[in-house]
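Chain by chain, the residues:
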Amino acid sequence: MNSLSTILIVVGLFLVGGIISFAKQGMPKGVIVLLGIASAMCLVAGVLRLQGVWE
């Protein structure tokens, strides 16, 4: 497991936790959508690096 892919996956999961927390606090939907997009991008990039697509 590459260190960069590990960091990307951890950041993506951290942002998922932020989505859950912000949704419980009733934050604006725009912030939650932005966190969702960033989380999805981090998780996809981490998984693609694990599979060797970006080497």
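Shown above is the structure to which this text applies.
Residues numbered from 1 in each chain as written. Predicted model: local features only at pLDDT ≥ 70, side-chain atom pairs only at ≥ 80, totals over all residues. Heavy atoms only, no water.

Caption draft 1: Representation of the side chain of Ser39. Topologically, Ser39 is positioned in helix 2 (residues 29-50). Among the residues examined, Ser39 registers a relative accessible area of 3% and is labelled buried. Excluding residues within four positions of it along the chain, Ser39 makes contact with Gly12, Leu15, Val16 and Ile19. (Helix = DSSP H or I, 4+ residues; strand = E, 2+ residues; numbered from the N terminus. Buried < 20%, exposed > 50% of the residue type's maximum accessible area, 1.4 Å probe, protein only. Contact = heavy atoms within 4.5 Å.)

Caption draft 2: Local environment of helix 1 (residues 3-25). Over its 23 residues, helix 1 runs 33 Å from end to end, which matches the ideal 33 Å to within 8%, given 1.5 Å per residue. Of the positions making up helix 1, those classed as buried are Ser5, Ile9, Gly12, Leu15 and Gly18. Looking at the buried residues of helix 1, the elements they touch are helix 2. Phi turns positive one or two residues past the end of helix 1, at Gly26, with a value near 80°. (Expected span 1.5 Å × (residues − 1).)

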